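Structural description and commentary
These are the residues of each chain, in order.
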Amino acid sequence: EVQLVESGGGLVQPGGSLRLSCAGSGFTLSSYWMSWVRQAPGKGLEWVANIKQDGSEKYYVDSVKGRFTISRDNAKNSLFLQMNSLRTEDTAVYYCARGGIMMFSHLDVWGQGTTVTVSS
Amino acid sequence: DIQMTQSPSSLSASVGDRVTITCRASQSISSYLNWYQQKPGKAPKVLMYTASSLQSGVPSRFSGSGSGTDFTLTISSLQPEDFATYYCQQSYSTPLTFGQGTKVEIK
């Protein structure tokens, strides 16, 4: 079964850091673009970042540039999101999602999400 | 950034109704338009990609159309399991952007 499982969410104070992980199974993660998408409580979906198969290209939404870093370890079939200088507005459920072989593809496999709460 | 605008934001419909949701892009995105369904507490699920391609496993009562800036998602005969929130998303350029969502509720 093709599956993504996120972990690493939790409660953190403003200005703090958190590292999210996403483990893939049932497919070869190294063949796909991968994305992080978040959803604030009661709000819609917001794409956060994506990364090319070999990690050579990374793109971010403006609101997280300079604070978040997406990375991957293909040998471990894993995706990561390092989140620094966290703000209350970063509070959300964070999903990892599989893209396609090409960059501008749909997101066809999603994890169950991990919750990040930024609060003092 | 490309803005995606969905209408309506919510609708009430009955089982068996034909439902249409529209999505407009702030600039041309060719056919790089995808539709997702999300139920409360669950991850989104892709329904349609490149405007009119049905994702494997998705019932054929779902269909999509459009190109350029205007797109539609149609549910030909609404079923109880279709009550959910639907999002369009452009995959033409980064940042990838979603519409604000359309909540389909039971009438």
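Keep in mind the model is a prediction, meaning the values are calculated, not measured. (Residues numbered from 1 in each chain as written. Chains lettered and ligands numbered in written order. Predicted model: local features only at pLDDT ≥ 70, side-chain atom pairs only at ≥ 80, totals over all residues. Heavy atoms only, no water.)

Here we look at the layout of surface pockets
- Estimates place the volume of the largest pocket at around 370 Å³.
- Around the largest pocket, the lining is made up of 21 residues, and of these Gln39(A), Lys43(A), Gln38(B), Thr85(B) and Tyr87(B) lie nearest the centre.
- Of all the secondary structure elements, the ones that give two or more residues to the lining of the largest pocket are β9 (92-98) of chain A together with β9 (85-90) and β11 (102-106) of chain B.
- Counting residues per element, the lining of the largest pocket draws most heavily on β11(B), at 3 residues.
- Among the residues making up the lining of the largest pocket, the classes are represented as 8 nonpolar, 8 polar and 5 charged.
- Taken as a whole, the second largest pocket encloses approximately 190 Å³ of empty space.
- Around the second largest pocket sit 13 residues that line it, and Val109(A), Trp110(A), Gly111(A), Ala43(B) and Pro44(B) are the ones nearest its centre.
- At the level of secondary structure, the elements contributing two or more residues to the lining of the second largest pocket comprise β1 (3-7) and β10 (109-110) of chain A together with β5 (45-49) of chain B. (1 Å grid on protein atoms, 1.4 Å probe; cavity = no way out; pocket = protein on both sides within 12 Å on 5 of 7 lines; lining within 4 Å. Points joined across faces, edges and corners; volume = space filled by probe spheres on them. Helix = DSSP H or I, 4+ residues; strand = E, 2+ residues; numbered from the N terminus. Nonpolar A, V, L, I, M, F, W, Y, C, P; charged D, E, K, R; others polar.)

Topic: the pattern of salt bridges
All names here are of chain A.
- On inspection of all chains with the given rule, the structure shows 10 salt bridges over all chains.
- Arg38 is paired through a salt bridge with Glu46; the nearest N and O atoms lie 2.7 Å apart.
- Among the ionic pairs, Asp108 bridges to Arg98, the shortest N-O distance being 2.7 Å. One end of the pair, Asp108, is in the loop between β9 and β10; the other, Arg98, is in strand β9, with 10 residues separating them in the sequence.
- Three or more residues are tied together by salt bridges with common partners; here these are Arg38, Glu46, Arg67 and Asp90. (Salt bridge = Lys/Arg side-chain N within 4 Å of Asp/Glu carboxyl O.)

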